[in-house]
Amino acid sequence: MALLSLFAVASVAVLSACANSKPVADLAIINGVVFVGDGAPGYTADVVITGDRIVAVGRSARHGYRIRETIDAVGRTVSSGFIDPHTHALSALNYLEAPQPLEHYLRQGVTTLVIGNDGGGPPTIAERRSHLRRLKMGPNVAQFVGHNALRERVIGLDNRAPTPSELSEMTALAEQAMQEGALGLSTGLYYPPGVYATTDEVVALARVAAQYDGLYESHLRDESSYSVGLLAAVDEALEVGRRSGARVHIAHIKALGVDVWGYSERVIDRIETARAAGQVVTADQYPWRASGTRLGNALLPGWSRAGGRGALLQRLEAPELLARIREEMGDNLRRRGGADAILLTSGSFAGQTLASVATARAEPALATALALIRDGETRIASFNMHEDDIRQFMRQPWVVTSSDGTRGHPRLFASFPQKFAAYVQEQNVLTMPEFIQRSSATTADLLKLCDRGRLRVGAFADVIVFDLASFAPQADFETPDRLSVGVQHVIINGEVVMRDAKLKQAGAGRALSRGQCDSEPAGVRQ
């Protein structure tokens, strides 16, 4: 018995020594159904994190470590945090000084978002990165440099081509932005002043992005039949990519308005042909039938907005020009499905359609629209897409999830759970692995966000845990600002920022640069 007791004591000592020899890990997420992000099915596994990196993923991976903190994810889904490649958070972030959690993104499972889309990203990338560091963001943030911003800084809002020296100045600003870590060049060729640019001008600037393996991201010149037409606009984007050498990304891909419903197959054919010829072409899409913009952007002809708001108001006072504007506005309203399909989402008439406001005012819809435009920048949700086109685009492996989030539209608060609920659970357009891959890994790859978007050893620890039974949008067009539900835990750069659906802190997000793979020094928070 004495020998057995000595043996037992020795065995305990050996086991204790082995346990103490294990490396220490800060956090383990255990027992969850893990989707690593490569399109494979989920499986029950652990995710182990040390510092800001994942150090182990696999069945019972926790047993190789001494764990400081544990999250039991039994019955829950575990994936990399989602990446939103198209947001409009820039304008809000420019003026904030206090820490900003951006809870509406975290509640959707979004751990990284992109700003500066649609041509709006200022060339001051380093300056804004410093600002974001001071803000202590909730999600990570990456930036585009915008063509519209470059053009407005150098040329203003004039409807003309740049001089050679002006183009050189724009090119130099774009190059500085790329050197400072911009993801690439974004364009908004539908909006002033980008609408006044030729393809040659855009190619010259896209070449700068291409030299740094940056992306050419474009809100197409026409998503409908406003000017060159949807197909010609897609051709232009592909031409910019061929001539500049830049990778091409089409923002919020869609077929907008009755004139182009059913065009998704032709758009897809063009893109597939380009991809087969060796071009890198991708797109993003928000899962809603309604787009969102300003009333003037939707209805006014582009030429009427040249020179800015003051010039527009002068044109509205000139009878001949006003008659021409009204005629073109009428056709634009028809494209978008008429006044009943325009929901006002800001101002005193928010929540009403343009048709109902016009009826209450006892005047034609165009008269009401012009009155609202004169008064200010009313935002709208425009119900102009067909479900068949939405599903066709969504099925493509090169189309990723985005929000294009703007106030007054539920896409700001609910795009990722909306896509899951409507197109994974209800309609079976995508499988669960496809949904996760196109909300994380594929997006990280096209943006060149190093070590993001996958649950793998060495990746940054951006991890979400959510409940499939309750992961759902709460926002709709009547109540667009309701937070989504179902996300239980959010980890960003290794720090728990949401636990048991309760937001803990806002300071784990970092300002990301294209291709940046290194961790931050200890004690540094971006």
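Residue numbering note: each chain is counted from 1, following its sequence as written. Selection of residues for local features in this predicted model requires a pLDDT of at least 70, selection of side-chain atom pairs for listing and counting requires 80 or more, and totals for whole chains, interfaces and linings are taken over all residues. As a convention, hydrogens and water are excluded, and side-chain values are obtained from all of the structure's heavy atoms.

1. Concerning helix α11 (residues 309-316)
Considered for burial, the residues of α11 that qualify are Ala311, Leu312, Arg315 and Leu316. Seen end-on, α11 carries its buried residues on one side only, within an arc spanning 140°. In this description, contact between two residues means that some pair of their heavy atoms is separated by no more than 4.5 Å. A run of DSSP states H or I qualifies as a helix once it reaches four residues; a run of E qualifies as a strand once it reaches two. Both are numbered from the N-terminal end. Against the buried residues of α11 lie α12 (319-335) and α14 (365-375). Throughout this description, buried means an accessible area under 20% of the type-specific maximum (1.4 Å probe, protein chains only), exposed means over 50%, and partly exposed covers the range between. By definition, the arc is the one covered by directions from the helix axis to the C-beta atoms.

2. What to know about the pairing of strand β16 (residues 379-383)
When you tally the buried positions in β16, you get four out of five residues, the bulk of the element. Strands qualify as paired when DSSP identifies two bridges or more between them. Here strand β14 (residues 290-294) pairs with β16 via five bridges, running antiparallel. From the neighbouring strand, serine 291 faces β16, where its bridge partner is serine 382. Summarising the sheet, strand β15 (residues 342-344) and β16 pair through three bridges and their orientation is antiparallel. The partner of isoleucine 342 across the bridge, within β16, is serine 382.

3. Here's the deal with the sheet that holds β14
If you walk across this open sheet you meet the three strands as β14-β16-β15, and the pairing is antiparallel. The strands lining the two open edges of the sheet, one partner per strand, are β14 and β15. On average, each strand axis in the sheet is tilted by 25° relative to the strand beside it, whichever way the strands run. Orientation is described by lines fitted to C-alpha atoms, with helices fitted over the stretch in contact, and by angles between N-to-C directions that extend from 0 to 180 degrees.

4. Quick word on the side chain of arginine 315
Counting through the fold element by element, arginine 315 comes out in helix α11. For the charge count, each Lys or Arg is scored as positive and each Asp or Glu as negative, with His and the chain ends excluded. Salt-bridge detection follows one rule: a side-chain nitrogen of Lys or Arg within 4 Å of a carboxyl oxygen of Asp or Glu. Of the side chains bearing the opposite charge, aspartate 158 lies closest to the buried arginine 315, which forms no salt bridge; the N-O distance is 8.3 Å. Beyond its immediate stretch of four places on either side in the chain, arginine 315 contacts Trp303, Ser304, Arg305, Ala306, Leu321, Leu322 and Ile325.

5. Here's the deal with the sheet that holds strand β11 (residues 215-219)
The parallel open sheet is built from six strands, whose spatial order is β9-β10-β11-β12-β13-β17. Strands with a single pairing partner mark the edges of an open sheet, and in this sheet they are β9 (145-146) and β17 (399-401). As paired strands, β9 and strand β10 (residues 184-188) are joined by two bridges and run parallel to one another. Of the residues in β10, the one forming a bridge with valine 145 is leucine 185.

6. Some words on the packing of helix α9 (residues 264-276) against helix α15 (residues 387-394)
It is the contact of α9 with α15, at a shortest axis distance of 9 Å, that shows an interaxial angle of 20°. As far as their axial angle goes, α15 and α9 are roughly parallel. Note on packing geometry: the crossing formed by α9 with α15 is right-handed. Contacts between α9 and α15 involve Ser264, Glu265, Val267 and Ile268 on the former and, on the latter, Asp389, Gln392 and Phe393. Each residue is assigned to one class: nonpolar for Ala, Val, Leu, Ile, Met, Phe, Trp, Tyr, Cys and Pro, charged for Asp, Glu, Lys and Arg, and polar for all the others, Gly among them. Among the residues making up the contact of α9 with α15, the classes are represented as three nonpolar, two polar and two charged. Should an angle fall under 35 degrees it is called roughly parallel, over 145 degrees roughly antiparallel, and 65 to 115 degrees roughly perpendicular, with every other angle called oblique. Helix crossings are classified by the rotation of the near helix relative to the far one: an anticlockwise turn of less than a right angle makes the crossing left-handed, while a clockwise turn makes it right-handed.

7. Observations regarding empty space enclosed by the protein
In this analysis a 1.4 Å probe is tested at points of a 1 Å grid over the protein atoms alone, and where it fits but cannot get out there is a cavity; an open set with protein on both sides within 12 Å along at least five of seven lines is a pocket; lining residues have an atom within 4 Å of a point. Grid points are joined across faces, edges and corners, and a volume is the space filled by probe spheres set on the points. Inspection of the entire model under this criterion finds three cavities of 30 Å³ or more. Considering only enclosed or pocket space, the largest cavity measures out at about 90 Å³ in volume. Lining the largest cavity are twelve residues, with Arg452, Phe460, Leu512, Gln516 and Asp518 positioned closest to its centre. Along its surface, the second largest cavity is lined by His252, Ile253, Lys254, Ala255, Gln285, Tyr286, Met385, His386, Asp389, Ile390 and Phe393. The element contributing the most residues to the lining of the second largest cavity is α15, with three residues.

8. Section: unusual backbone geometry
With an omega of 0°, the peptide bond between proline 192 and proline 193 qualifies as cis. Within the fold, proline 193 resides in the loop between β10 and α7 (199-211). In this structure, aspartate 213 is a non-glycine residue whose phi angle is positive, near 55°. Examined against the element boundaries, aspartate 213 turns out to sit in the loop between α7 and β11.

9. What about the confidence of the model for the protein chain?
Residues with a pLDDT of 70 or more make up 94% of the protein chain, whose mean pLDDT is 93. One confidence number per residue, pLDDT, is output by the predictor and ranges from 0 to 100. Low confidence marks residues 6-17, where pLDDT is under 50. Its contacts with residues over four positions away, or in another chain, come to zero contacts.

10. A short note on the packing of aromatic side chains
Pairing of aromatic side chains here covers Phe, Tyr and the six-membered ring of Trp, requires ring centres within 6.5 Å, and sorts the geometry by plane angle: under 30 degrees stacked, over 60 edge-to-face, intermediate tilted. Going through the model one piece at a time under the given rule, you end up with ten aromatic pairs. Here a set of aromatic residues connected by ring pairs shows up, and it is made of Phe82, Phe416, Phe420, Phe435, Phe466 and Phe471. The cationic tip of arginine 305 hangs over the ring face of tyrosine 190; the distance from NZ or CZ to the ring centre is 5.8 Å. A cation sits over an aromatic face here: arginine 411 above tyrosine 286, 4.7 Å from the ring centre. Any Lys NZ or Arg CZ that is within 6 Å of a ring centre and within 35 degrees of that ring's normal is treated as a charge sitting over the ring.

11. So, the environment of arginine 452
Mapped onto the elements of the fold, arginine 452 is located in the loop between α18 (441-447) and β18 (463-466). Taking the C-alpha atoms as reference points, arginine 452 and cysteine 517, separated by 65 residues in sequence, lie 9.1 Å from one another. When residues no more than four places from it in sequence are discounted, the contact partners of arginine 452 are Asn140, Ala444, Phe460, Asp462, Asn493, Arg510 and Leu512. Here a polar contact is recorded for every N or O atom pair within 3.5 Å, except that within protein the pair must consist of a potential hydrogen donor and a potential acceptor, and residues adjacent in sequence are included only if both atoms are side-chain atoms. For arginine 452, the side chain forms a polar contact with the side chain of asparagine 493, separated by 2.7 Å.

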